[in-house]
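Overview (structure and organization)
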Amino acid sequence: MTTTSHPLVTRARRLARDLLVPQAERVDQEGVPASHVEEVKRAGLLGVVAPQEYGGADAPVAVARETAEILAGACCSTWFVQTQHHTPVKLLATYDSPVREKLLRPLATGALMAGIAFAHVRAFPRVPVRAVRQEGGWRFEGRVPWYTGWGLNDVMLLAGVTDTAEVVFGFAEAREQPGLTPSAPMRLAALTAARTVSLGLDGLWLPEEAVVLRTSQEEFAQVDLPRAANASPAVFGVANAALDLVEQTPDGRDTARSLRSRLDEVRTEAYALADRPAPNSSVPERLAVKTRAYDLLAAATTAAIVAGGGRSMDLGSRAQRLAREGMFLLVQGQTAEARRTHLGSLASRQGPSFDPR
């Protein structure tokens, strides 16, 4: 992996070394504590992409990627909770609105933390959450299937779709209130620690001044498709953390060296594609590279399990935690196009031949 000398990268490495890695197995079993979030805030990592005029770092994209890799490789649950925050910040920074002046500075400085509740918009033409125009604002009805960071976030970016296929994005307080009821925390095979719930919406009302963006579903999909086709930095962070474990075993050094070399190549290619202009023109290529990154993630976490032997079956095993986190990353932010590409790639492979002679 390349390294960056930016102060935020230095702080992320220090946070990973001193707090996140030593406590990752405990957090995996017990949940992300509020103190972890406070340390992420203290390091300035919630403002990595925020404008400087609002108190953020406005760091280069390479810095945002590398800090994400570091956090994900150290404790994927903590990374996943805080990564939700950056999309609302980017949206507020991009679109002028009354809520921008109210929320962008506290979000950029870490005084507030945001979560997201809009992945369900990708299910269109199915509409899990409907937005209905009401005098002075909007009423939201339906169910948000997944909401991460419940009890840790202060506000959420919520989206619903209208009867005319317009997507309405607005900010709500991330707490139980009239019209908003959380489920019990979900028990998941991986990242239960990230405090994920579903949200029942029964007439949750948001005033017009809480809305940051209204756009057609078609325009949302045009922006979302190429963005979702990019390989996540977390994939590279978790894969490299797994290879660190493999490298520590006498039998695993050559394997780790070979896989890391291939991982670095795919990482370079993935980020180069993500930085291209006119992203819609390279979606198939992005998805193909993303699938190769998944292959190497699976190989790296499998190698960590194999290198750890029977000890890997202990719930406190770092190798097992990384393998489960890798499984989660295979479907995190998954779109129908990404799923089809990944399944097609798996179906086209030929297994090893067996010669009984």
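Scroll up to find the structure this text is about.
The structure reproduced in this document is the subject of the present report. (Residues numbered from 1 in each chain as written. Predicted model: local features only at pLDDT ≥ 70, side-chain atom pairs only at ≥ 80, totals over all residues. Heavy atoms only, no water.)

Each helix and strand in the chain was counted, giving twelve helices and eight strands. Along the first, second and third principal axes, the C-alpha set of the chain runs to 75 × 45 × 40 Å. Across the 357 residues that make up the chain, the buried fraction comes to 51%. Carbon and sulfur atoms form 53% of the exposed surface of the chain, whose accessible area is close to 16,700 Å². Taking the average place of the 40 positive charges on the side chains of the chain and the average place of its 39 negative ones, the gap between the two points comes to 3 Å. (Helix = DSSP H or I, 4+ residues; strand = E, 2+ residues; numbered from the N terminus. Buried < 20%, exposed > 50% of the residue type's maximum accessible area, 1.4 Å probe, protein only. Areas by Shrake-Rupley, 256 points an atom, 1.4 Å probe, with all protein chains shown as cover. Lys, Arg positive; Asp, Glu negative; His and termini not counted. Charge placed at Lys NZ, Arg CZ, Asp CG, Glu CD.)

This brings us to the pattern of salt bridges. For the coordinates displayed, the defined rule picks out 25 salt bridges. Between Glu325 and Arg321 there is a salt bridge, and its shortest N-O distance comes to 3.1 Å. Note that Glu325 and Arg321 are positioned in helix H11 (residues 318-329) at a spacing of four residues, about one turn of the helix. Exposure class is identical for Glu325 and Arg321. Each is buried. Each of Glu25, Arg318, Arg321 and Glu325 takes part in salt bridges that share partners, so that together they form one network. (Salt bridge = Lys/Arg side-chain N within 4 Å of Asp/Glu carboxyl O.)

In this structure the tally under the stated criterion is six aromatic pairs. With a centroid separation of 4.8 Å and 70° between ring planes, the pair formed by Phe80 and Phe328 is classed as edge-to-face. Placement of Phe80 in helix H4 (residues 76-83) and of Phe328 in helix H11 is noted, with a sequence separation of 248 residues between them. Using a relative accessible area of 10% as the deciding quantity, one classes Phe80 as buried. Ring geometry for Phe236 and Tyr271: centres 5.6 Å apart, planes at 80°, overall edge-to-face. Of this pair, Phe236 sits in helix H8 (residues 233-247) while Tyr271 sits in helix H9 (residues 253-274), and the two are 35 residues apart along the sequence. Side by side, Phe236 and Tyr271 carry an identical accessibility label, which is buried. Every member of this aromatic cluster is reached through a ring pair, and the members are Trp79, Phe80 and Phe328. If you follow Arg65 out to its NZ or CZ, it ends over the ring of Tyr271, 4.5 Å from the centre. (Phe/Tyr/Trp six-rings, centres within 6.5 Å; stacked < 30°, edge-to-face > 60°. Lys NZ or Arg CZ within 6 Å of the ring centre and 35° of its normal.)

At their nearest, the axes of H4 and H11 sit 10 Å apart, and the two run at 30° to each other. Compared by their axis directions, H4 and H11 come out roughly parallel. Taking contact as the criterion, the partners of Cys76, Ser77, Trp79 and Phe80 in H4 are, on H11, Glu325, Phe328 and Leu329. Taken together, the residues of the contact of H4 with H11 sort by class into five nonpolar, one polar and one charged. (Axes fitted to C-alpha atoms, helices over the stretch in contact; angles between N-to-C directions. Parallel < 35°, antiparallel > 145°, perpendicular 65-115°, else oblique. Contact = heavy atoms within 4.5 Å. Nonpolar A, V, L, I, M, F, W, Y, C, P; charged D, E, K, R; others polar.)

For the rest of this paragraph, the subject is the side chain of Glu325. Judged by its relative accessible area of 2%, Glu325 is buried. Glu325 has contacts with Ala72, Cys76, Ser77, Ala190, Leu191 and Val238, leaving out every residue within four places of it along the chain.

Quick look at the nonpolar core now. Leu45, Trp79, Phe236 and Leu329 are the most contacted members of the largest nonpolar core, which totals 64 residues. Among the elements of the structure, helix H1 (7-30), helix H2 (34-42), helix H3 (61-74), H4, H8, H9, helix H10 (283-308) and H11 are those that each provide at least two residues to this core. When sequence neighbours within four positions are dropped, the list of residues in contact with Leu45 reads Leu8, Ala12, Leu15, Val40, Thr67, Leu71, Gln82 and His86. Counting residues in each nonpolar core, the second largest holds 23 residues, with Ala114, Phe118, Val155 and Phe220 among its members. (Core = buried A, V, L, I, M, F, W, Y, C linked by side-chain atoms within 4.5 Å.)

Another point: H3. Each α-helix winds once per 3.6 residues, and so residues spaced three or four apart point in a common direction. With 14 residues, H3 extends 20 Å between its outermost C-alpha atoms, agreeing within 8% with the 20 Å of an ideal straight helix rising 1.5 Å per residue. With twelve of its 14 residues buried, H3 lies for the most part within the structure. Within H3, the full set of buried residues consists of Val63, Ala64, Arg65, Glu66, Thr67, Ala68, Glu69, Ile70, Leu71, Ala72, Gly73 and Ala74. Elements that come into contact with the buried residues of H3 comprise H1, H4, H8, H9 and H11. (Expected span 1.5 Å × (residues − 1).)

Among the eight residues that make up strand E5 (residues 166-173), seven are buried, leaving the element largely enclosed by the rest of the structure. Both strand E4 (residues 155-161) and E5 contribute to a ladder of seven bridges, which runs antiparallel. Across the sheet, the residue bridging to Met156 is Ala172, located in E5. As consecutive antiparallel partners, E4 and E5 are separated by four residues, and within that stretch Ala165 has a phi angle of approximately 65°, a positive value. With five bridges connecting them, E5 and strand E8 (residues 211-216) associate as antiparallel partners. Within the sheet, the bridge partner assigned to Gly170 lies in E8 and is Val211. (Pairing = 2+ DSSP bridges.)

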